[in-house]
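Here is what each chain is made of, one letter per residue.
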Amino acid sequence: MDNRAPWIITLVLMTTVSSPHALGDTSFNVIASFSVIKDLVKRVAGDSIGITTIVPTGEDVHRWELQPPNALAVEEADIVFYNGYGLEPWIRHIEAMADDSLTLTALAESADYEPLAIPVGQYRDSADPHMWMDPKGAAAYVDVIEETLIERYPEQAEAFATRAAETREALVLLDHQLRERLEGIPQTNRMLTTSEASMAYFARAYGFEYAAIWGIGSETIGSAQAMEAMSMHLSQKRPPALFYESTSPYIHMDAHARATELSLAGPLYVDTLSDTDGPAYNYPAMLRHNAELLHEYLGGARAEKQP
């Protein structure tokens, strides 16, 4: 017997009883697994297609547990866009609930973009799922999003293609802006050290030496072995600052910062956007915020004041 069945039955029953949407609200057709994916999908889909997320803004995509409204959303959706490569361990439950009418699209696994290996931790040497942290990776996601939407909604193909092309152009400009902003950081300071190994694509794109305490947020984080390995790394390297992410507990990196008397900076945004009034309110703002934080704490030249 499939041991997932009781879990699925319970979740669907809870949805039917407790969710206010159970009366037939079908205002959405597309699901994105978390806020960054939603932002990219929205840029191609436009306003004609409703998009909802499984993981709320600010929550940890790795450790999310599906809720009753998520089950209803899956029942009513046409497409689920998710990242893949193990970023969303809970996706297996959605796969178990899905029927033939639901399109499940793993963006990272479908993207024409060279993956990196996770450098540390339990999943070391597995494909790093955080491809969107390089605008070129995000552009590869946009290609997959466009293709999937056109296949499902062919009557809107021209509009999807136009918006996808505009998004790719915007991502090229964003990449140029980030590169220009980060060029001022001295080569000796170009060391990026984070809690989770979530910035490797960003580091590759913009020329940073990269290190992290643990590999991916779904593993045991901040283990004694991982903390010791980072201590050894910091005894050999001395970056100007250490960084933590918005969805990672900062206490582990704070311990290293205190032990080494290095600056602690954050949060970097990776696995979620911020609220709409925050610094990472959309995908470009997220990467610009991260770049500004690195620029400030790694010793970049200050921008000239405008007269």
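The structure contained in this document is the topic of the report that follows.

Turning our attention to the overall build of the protein. A tally of helices and strands in the protein yields 11 helices and 8 strands. The 307 residues of the protein split such that 51% are buried. When contacts within the protein are restricted to residue pairs at least 6 apart in sequence, long-range pairs at least 24 apart make up 65% of them. Carbon and sulfur atoms make up 49% of the accessible area of the protein, which totals about 14500 Å².

Quantified by volume, the largest pocket comes out at close to 270 Å³. Looking at the lining of the largest pocket, the elements with two or more residues in it are β6 (209-214) and α9 (224-236). Residue classes in the lining of the largest pocket are distributed as 8 nonpolar, 4 polar and 2 charged. There is about 170 Å³ of room inside the second largest pocket. Together, Ser35, Lys38, Asp39, Lys42, Thr53, Thr57, Leu273, Ser274, Asp275, Thr276 and Tyr281 line the second largest pocket. At 4 residues, the largest contribution of residues to the lining of the second largest pocket is made by helix α2 (residues 35-45). Residue classes in the lining of the second largest pocket are distributed as 2 nonpolar, 5 polar and 4 charged.

The linkage connecting glycine 266 with the following residue, proline 267, adopts the cis geometry, with an omega of 0°. Checked against the element boundaries, proline 267 lands in strand β8 (residues 263-268). A positive phi angle is found at tyrosine 85, which is not glycine, with a value near 55°. Mapped onto the elements of the fold, tyrosine 85 is located in the loop between β3 (79-82) and α4 (91-97). For tyrosine 85, a relative accessible area of 29% corresponds to the partly exposed category. One non-glycine residue, glutamate 261, lies in positive phi territory at about 60°. Relative to the helices and strands, glutamate 261 is located in the loop between α10 (251-260) and β8.

Attention now moves to helix α7 (residues 157-182). The end-to-end C-alpha distance of α7 is 37 Å, a good match for the 38 Å that 26 residues give at a rise of 1.5 Å each. By the burial criterion, the buried members of α7 are Phe160, Ala164, Thr167, Leu171, Leu174, Asp175, Leu178 and Leu182. Of the surrounding elements, those touching the buried residues of α7 are α2, α6 (135-152), α8 (200-206) and α11 (283-297).

Two elements, strand β5 (residues 191-196) and β6, share 5 bridges in a ladder whose sense is parallel. If you follow leucine 192 over to β6, its bridge partner there is tyrosine 210. Once the chain exits β5 it traverses α8 before rejoining the sheet at β6, and the crossover so formed is right-handed.

To continue, consider empty space enclosed by the protein. Over the atoms a probe the size of a water molecule is rolled, and this reveals where empty space is left. This structure, assessed with the given rule, holds 1 cavity of 30 Å³ or more. Taken as a whole, the largest cavity encloses approximately 40 Å³ of empty space. If you go around the largest cavity, the residues you meet are Met191, Leu192, Thr193, Glu209, Tyr210, Ala211, His233 and Lys237. Those elements that provide at least two residues to the lining of the largest cavity are β5 and β6. Tallied by class, the residues present in the lining of the largest cavity amount to 4 nonpolar, 2 polar and 2 charged.

Right, let's get into the packing of α6 against α7. At their nearest, the axes of α6 and α7 sit 9 Å apart, and the two run at 175° to each other. Comparing their axes, α7 and α6 come out roughly antiparallel. When α6 is examined against α7, the residues Pro135, Lys136, Ala138, Ala139, Val142, Asp143, Glu146, Leu149 and Ile150 are found in contact with a partner set consisting of Ala157, Phe160, Ala161, Ala164, Thr167, Arg168, Leu171, Leu174, Asp175, Leu178 and Arg179. Its residues placed into classes, the contact of α6 with α7 shows 13 nonpolar, 1 polar and 6 charged.

What follows is about the side chain of histidine 256. With respect to the helices and strands, the residue histidine 256 is situated in helix α10. Taking relative accessible area as the criterion, histidine 256 reaches 4% and is therefore assigned buried. Discounting residues that sit within four places of it in the chain, histidine 256 has contacts with Ile213, Met227, Met230, Ser231, Leu234 and Leu242.

On the basis of which strands lie adjacent, the open sheet formed by 4 strands has the order β2-β1-β3-β4 and parallel pairing. Every other strand in the sheet has two partners, leaving β2 (51-53) and β4 (103-106) as the edge strands with one partner each. Strand-to-strand twist of the sheet, defined as the mean angle between neighbouring strand axes without regard to direction, takes the value 20°. Judged from the 3 bridges that link them, strand β1 (residues 30-32) and β3 form a sheet pairing that is parallel. Across the sheet, the residue bridging to alanine 32 is phenylalanine 81, located in β3.

Thresholds, definitions, all that
The written sequence of each chain sets the order in which its residues are numbered from 1. Totals for whole chains, interfaces and linings use all residues, but because this is a predicted model, local features are given only for residues with pLDDT of at least 70 and pairs of side-chain atoms are given and counted only at 80 or more. Calculated side-chain values reflect all of the structure's heavy atoms, with hydrogen atoms and water omitted. Think of it this way: any DSSP run of H or I at least four residues long counts as a helix, any run of E at least two long counts as a strand, and we number them from the N terminus. Between buried and exposed lies partly exposed: a residue is buried under 20% and exposed over 50% of the maximum accessible area for its type, with that area taken using a 1.4 Å probe on protein chains only. Note on contacts: a residue pair qualifies if any of its non-hydrogen atoms lie within 4.5 Å across the two residues. Exposure was quantified through the Shrake-Rupley algorithm and a 1.4 Å probe, taking into account, for residues, occlusion by the shown protein chains and nothing else. Cavity: a set of points on a 1 Å grid over the protein atoms alone where a 1.4 Å probe fits but cannot get out. Pocket: an open set with protein on both sides within 12 Å along at least five of seven lines, its lining residues, like those of a cavity, having an atom within 4 Å of a point. Grid points are joined across faces, edges and corners, and a volume is the space filled by probe spheres set on the points. Under this grouping Gly is polar, as are all residues other than the nonpolar Ala, Val, Leu, Ile, Met, Phe, Trp, Tyr, Cys and Pro and the charged Asp, Glu, Lys and Arg. Helix span is expected to be 1.5 Å times the residue number reduced by one. By definition, two strands form a pair when at least two bridges between them are found by DSSP. Clockwise travel from the first strand over the helix to the second, with the strands pointing away from the viewer, marks a crossover as right-handed. Note on definitions: angles span 0 to 180 degrees between N-to-C directions of axes, and those axes are lines fitted to C-alpha atoms, for helices only across the stretch in contact. In this scheme, roughly parallel covers angles under 35 degrees and roughly antiparallel covers those over 145, while 65 to 115 is roughly perpendicular and the rest are oblique.

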